[in-house]
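# Summary of structural features
Residues per chain are reported as follows:
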Amino acid sequence: MRNLAAMLSARRGRGKPDWTDWLSYAYLLLGLVLMFFPVLWLVLSSFKSAAALNEFPPQLLPYGQKTVEVAGHEAPLPLYRVTLPDGAVRELAEVRRIGIQATLIDPAAPEQEYKVNIRDRKPVREFRLALGNYTEIFNKFSFGTFLWNSVFITVVATLITLLFNAMAAFALSKYRFAGRDTVFLLIISTLMIPPTIILVPNFLVVSQLGLLNSLWGVIWPAVATPTGVFLLRQYMLTIPDELIEAARMDHASEWRIFWRIVMPLSAPALAVLAIFSVMWRWNDFLWPLIVLSRTEKFTLQLALNAFQGELTTEWHYLLAMTVITLVPVTLVFAFLQKHITTGIAASGVK
Amino acid sequence: MAALQLKRVVKRYGETTVIHGVDLEVRDGEFVVFVGPSGCGKSTLLRMIAGLESVTEGDLLIDGKRVNDVSAAQRGLAMVFQSYALYPHMTVYQNLAFALENLGTPRAEIDAKVQAAAKMLRLDALLERRPTQLSGGQRQRVAIGRAIVRNPTIFLFDEPLSNLDAELRVQMRSEITALHDRLGTTMIYVTHDQVEAMTMADRIVVLRGGRVEQIGTPLELYNRPANRFVAGFIGSPQMNFLSGAVAGREDVLLGIRPEHIALGATSAPSLTLTATIDRIEQLGAASFLYCALAGGEKLTVHTAGQVDLASGEQVEVSLPVGATHVFDTSEAGSALPRG
């Protein structure tokens, strides 16, 4: 907490705030609003009921109509603020409405009925979270399946990416062999080929392997990333060769050197790559769209897309699903960001 | 424990030859020091023995068995690196235990061996620390401990003391010597510091440019240097070299160590010269006089105690004939029999 306070009140000098301080804070605030407001708007909207979403003018906070339980009526009745013909204003519960005529009762004295024009009544509203948006999507659609598919692809692909890329980087950074630099250049040069160009060849390969409509069809083509190999190789170059030689003198096999020495020491770079990989795989849309065509294999991103119907879109569910898809990436970033900074700091020192 | 033999060992990197056919025999239990200026190939030679560099030509034998193609892990040697090369993500205990784990040693045995090594090197209180939390001397001891735990046949040291301050270096020097006395294991030690070489070695191997210049005990090297390079390298300050002529040969180099030159005349048969003092260094227990001879040649004189002289003064110096060395003036500068 004290760190946060110190960060938020940081100033240029030690004395009074300089005009540059005001300028910096104004700029940062603008950035904060620009970046964070849409997310905040999304999260708040995801708690609105379908009716509240369609309201105009839109409200920032989610509101719902107040209801009361009245003896003799099964369902809770909606509350209205009614202007009676005599000019008195009272909060009454609506029993029924026919045309422009509404019949209301006083919840405290339900015997007497009031008939008023619907223009003379206004709904009584309160702050209410439509949590149903979140609970219903699990029952209404196979949301659990989509979530599982996404989690499976992301976790498995990230683990395989880390392992394979680290092995490639280890060989490229710590072994001397003919053609090493050529291999490295080849790997790096694949960065210059846009993914859309290899979309069709990739599809043909995956189709030949019979991996269409299989989650592995999404995982395998994604695990070998030139960015990951490059990132890890550059980091592993900073691990002193003497450590590896010492391990060799300590009877360690090459696999053990990789697993016990190089991998733990590359942890900061691995964390960075893990974050990238999670974001890539979780947000991936085009490739899963091509490989997966059966609904039960859909990832969350595909499901979100399928959710936007041709004629109607159930926005309250769509928004709730969008929030859920945002959560894992946010969590991964929050927990691993310390490693990113230490990773950058460590590679900066040596 | 093991004996080591090098037969015409050559190391080449592409076209460049860095080790030119080295022959060497290290006896079981011997403490051998490789010494030479930087770039002389002493570290490369050590790494070849360790198995970290391949042998281009020649044979490397441990206990009579050719090990050229045996990997570093299988040779059963242990090495202490200049940078210590401790695994930074492991505790001291894990650092010491790593080699034993790799060998598949049972847990209890690992624990016993690590505890024993830690006790011997006074590391018992530090076992749970990480290398970054240790001082230079402590790291050095962990590096040695890591070598000790698995009872290697030969210990290799690659300039292990060069990262320590002077005081600690003297202390660790005697600790390593004591360790050798206690374990009796063959040790090969690389250094560029001739004082380390002289104080620790059973035998010294002097290297220059990938060639062995001389192999011998410290005093052999001091008393009978094989050539001009060894004569200049062993001993501090450096031996003086004066051009001159001896009976039967003209054009030779006459070498004499600063500590053998006497001020004034002596009774022993000697060569007497007059020199002008350029500079004096008084250390209290000893004094160094940096002089110039009439011909412009430099002469350093080392005398015990303090002297009552000033720079610019002329002094008479005696060079005892018995303490002089004679070298030819060729590139090799081989020692000649004293004339």
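### Side note on the overall build of chain A
Check the secondary structure of chain A and you find 15 helices and 8 strands. Relative to the 2.2 N^0.38 estimate, which gives 20 Å for 350 residues, the radius of gyration of chain A is 30 Å and therefore markedly larger than a compact globule would have. Counting all 350 residues of chain A, 26% fall into the buried class. Summarising the internal contacts of chain A: among those between residues at least 6 apart in sequence, 64% fall at separations of at least 24.

### Observations concerning the overall build of chain B
Each helix and strand in chain B was counted, giving 8 helices and 19 strands. The C-alpha extent of chain B, read off along each of the three principal axes, is 75 × 45 × 35 Å. In chain B, buried positions account for 38% of the 339 residues. Contacts spanning at least 24 positions in sequence make up 63% of the contacts within chain B whose residues lie at least 6 apart.

### A few points about the interface of chain A and chain B
Listed as interface residues are 14 residues of chain A and, on the opposing side, 17 residues of chain B. Of all elements in the fold, only α10 (241-249) and α11 (254-265) of chain A reach the threshold of two or more residues within the side of chain A that touches chain B. No other element matches α10(A), which puts 6 residues into the side of chain A that touches chain B. Of the residues in the side of chain A that touches chain B, the class split is 8 nonpolar, 1 polar and 5 charged.

### Focus on the environment of A:N133
Residues and elements named next belong to chain A. As for its position among the elements, N133 is in helix α4 (residues 132-140). Residues N133 and G179, 46 residues apart in the sequence, show an inter-C-alpha distance of 57 Å. Residues in contact with N133, not counting those within four places in the same chain, are S46, F47, H316, Y317 and A320.

### As for the sheet that holds strand β2 (residues 16-26) of chain B
Residues and elements named next belong to chain B. Strand order in the open sheet made by the 4 strands is β2-β1-β4-β5, with antiparallel pairing throughout. Edge positions in the sheet fall to β2 and β5 (65-66), since each of these pairs with one other strand and no more. Pairing between strand β4 (residues 57-62) and β5: 2 bridges, direction antiparallel. From the neighbouring strand, L61 faces β5, where its bridge partner is R66.

### Re the domain arrangement of chain B
Residues and elements named next belong to chain B. Here chain B is described as being made up of domain 1 (4-231) and domain 2 (237-336). For domain 1 versus domain 2, the distance between C-alpha centres works out to 37 Å. Taken together, the contact between domain 1 and domain 2 spans 6 residues of the former and 9 residues of the latter. Its residues placed into classes, the side of domain 1 that touches domain 2 shows 4 nonpolar, 1 polar and 1 charged.

### A closer look at the domain arrangement of chain A
Under the domain assignment, chain A is made up of domain 1 (2-45), domain 2 (63-127) and domain 3 (134-349). Of note, the centres of domain 1 of chain A and domain 2 of chain A, computed from C-alpha atoms alone, are 46 Å apart.

### Considerations on the nonpolar core
Residues B:L156 and B:I188 are the most contacted members of the largest nonpolar core, which totals 119 residues. In this view, B:L156 contacts B:L46, B:I49, B:A50, B:L77, B:A78, B:M79 and B:I188; residues no more than four positions away in its chain are not counted. Judged by nonpolar contacts, the second largest core, of 18 residues, contains A:F146, A:Y317, A:L319 and A:M321.

### Focus on α10(A)
With 7 of 9 residues buried, α10(A) lies mostly within the body of the structure. Residues of α10(A) that are buried include every one of A:L243, A:I244, A:E245, A:A246, A:A247, A:R248 and A:M249, and no others. Where α10(A) is buried, its residues touch α5 (143-174) and α11 of chain A together with α1 (42-50) and β6 (77-80) of chain B. The first or second residue beyond α10(A) is A:H251, which carries a positive phi of 65 degrees.

### Some details on the confidence of the model for chain B
Looking at chain B as a whole, the pLDDT averages 90, with 99% of positions reaching at least 70. Across the whole predicted complex the pTM is 0.79, and at the interface the ipTM reaches 0.83.

Criteria and cut-off values
Residues numbered from 1 in each chain as written. Chains lettered and ligands numbered in written order. Predicted model: local features only at pLDDT ≥ 70, side-chain atom pairs only at ≥ 80, totals over all residues. Helix = DSSP H or I, 4+ residues; strand = E, 2+ residues; numbered from the N terminus. Rg over C-alpha atoms; globule rule 2.2 N^0.38 Å. Buried ≥ 20, exposed ≤ 12 C-beta atoms within 10 Å, placed from the backbone. Contact = placed C-beta atoms within 7 Å. Nonpolar A, V, L, I, M, F, W, Y, C, P; charged D, E, K, R; others polar. Pairing = 2+ DSSP bridges. Domains from an automatic or database assignment. Core = buried A, V, L, I, M, F, W, Y, C linked by C-beta atoms within 7 Å. pLDDT = per-residue confidence, 0-100.

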